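Secondary and tertiary structure notes
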Amino acid sequence: MHANESPWPPVTATNGAAAALNHYPPPQPPELLEALARAWGVTPTQILVGRGSDEGIDLLTRAFCTAGQDSVMVSTPTFGMYAVAARIQGASILDVPLLAARGFALDLPGIRRALDAGSKILWLCSPNNPTGNALAREDIEAVLAAASGRAVVVVDEAYVEFTGETPWTLAVARYPHLITLRTMSKAHGLAGARLGALIAHPDIIGLLRRIVPPYAVAGPTLEAALAALSPASLAVTAERIGQLVRERERLATALSRSTRVSRVFPSDANFLLVQFDDAGAALQKLRDAGVLVRDFRGQSGLGEVLRLTVGTPSQNGLMIRSLT
Ligand code: PMP
């Protein structure tokens, strides 16, 4: 008689987890924090969970940026939500573009200038969406050194499971101003459940817990995430990651032989950025075959490019047949 809930389970669900849906879920569920902490090699006090990593992006922007005063640094082409969250909050955006001629590497002198201009959040995405490349470790280390005591550095690791590299998540214990974002949407196949996490020093987590909505993880999402984090599920996920990485290389090799394709950018993620002679014609070919891919033409100087998500072998076969 504590939270003004209904005393009855939902009309259509009388047993199992669904029968508990008349009760609010636990805020920041301890069982989930523990399972994620085990999976990622951190402690539950270093984790905040929410509705996808999108929610983490929004919370960080609201916590660290004063409207009309502060700025964030982004390195385009990159994930659009960092700028969307900044605009909503009334923070300005300093763009220090990735260096296309150097494989979309970070522009370190440019980032130092953004720090001098007072940027409060430096958004780094590794592997980066939509270019697919992981950022060089030494470059991220240089950014962390330059930002110490001045700004927080966020490394968005939504696609880190596809790299085989050590996640930056493990380094949050060493850097009090490092925040990483992780998600269950990609490698774990739970995009529809909306579960993401932010990993940082417990002081930052404590601050964000004061502004996160009280029940950020819905009951069915909690159930689905715990099931996905069981040892048996994690073993299947590891196999699927291996298969996706092999398929990515097969797709890249096949597409690079196509006369329509001028370039397949190297990828550490579950997608490929592909440059075409005529991306519009390629888009139409794919559409005719019932395949929808993301059109990045003209964004951040990328030119005639499309982003293709790696799918099952048969989905990838369909893309290859349509484009070669
Ligand atoms: N970060 C990056 C780099 C992404 O590409 C995406 C999804 N496209 C997200 C975060 C958001 O993921 P989530 O589903 O966890 O909100």
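Structure: above.
Throughout what follows, the structure given in this document is the object of discussion. (Residues numbered from 1 in each chain as written. Predicted model: local features only at pLDDT ≥ 70, side-chain atom pairs only at ≥ 80, totals over all residues. Heavy atoms only, no water.)

**Structural notes on the sheet that holds strand β5 (residues 152-156)**
The condition that has to hold: At least two DSSP bridges between two strands are needed for those strands to be called paired. Secondary structure elements follow DSSP: runs of H or I of four or more residues count as helices, runs of E of two or more count as strands, with numbering from the N terminus. Axis definition: a line fit to C-alpha positions, over the contact stretch in the case of helices; interaxial angles, taken between N-to-C directions, run 0 to 180 degrees. Contacts between residues were defined by any pair of non-hydrogen atoms, one from each residue, lying within 4.5 Å.
Across the sheet, 7 strands lie side by side as β1-β7-β6-β5-β4-β2-β3; this open sheet has mixed pairing. The open sheet terminates on both sides in strands that have one partner only, identified here as β1 (47-50) and β3 (92-95). Put simply, the sheet's adjacent strands are angled 25° from each other on average, direction ignored. Bridge count between strand β2 (residues 71-74) and β3: 4 bridges; the pairing is parallel. In the strand pairing of β3, Val-74 is matched with Asp-95. Running at roughly 150° to strand β4 (residues 119-125), helix α4 (residues 108-116) makes contact with β2, β3 and β4 of the sheet. Taken strand by strand, helix α6 (residues 202-209) contacts β1, β5, β6 (178-183) and β7 (196-199), and its axis lies near 35° from that of β1.

**A look at unusual backbone geometry**
Here the residue pair Ser-126 and Pro-127 is connected by a cis peptide bond, since its omega of -5° sits within 30 degrees of zero. Here Pro-127 lies in the loop between β4 and α5 (137-147). Between Asn-129 and Pro-130 the backbone carries a cis peptide bond, its omega angle lying at 15°. As for its placement among the helices and strands, Pro-130 is situated in the loop between β4 and α5. A positive phi angle, close to 60°, is found at Phe-104, a residue other than glycine. Inspection of the secondary structure puts Phe-104 in the loop between β3 and α4.

**Considering the sheet that holds strand β11 (residues 305-309)**
The antiparallel open sheet is built from 4 strands, whose spatial order is β8-β9-β11-β10. Of all the strands in the sheet, the pair left with one neighbour each is β8 (261-264) and β10 (294-295). As defined by bridge partners, β10 adjoins β11 across 2 bridges and the pair is classed as antiparallel. Each residue of the ladder has a partner; that of Asp-295, found in β11, is Leu-306.

**Some thoughts on the environment of Gln-69**
Which entries qualify depends on this criterion: Categorising residues by exposure relies on relative accessible area from a 1.4 Å probe, with only protein chains included: less than 20% of the type maximum marks a residue as buried, more than 50% marks it as exposed, and the intermediate range marks it as partly exposed.
For Gln-69, the location among the structural elements is in the loop between α2 (52-64) and β2. Judged by its relative accessible area of 59%, Gln-69 falls in the exposed class. Spatially, the C-alpha atom of Gln-69 lies 30 Å from that of Thr-169, the residues being 100 residues apart in sequence.

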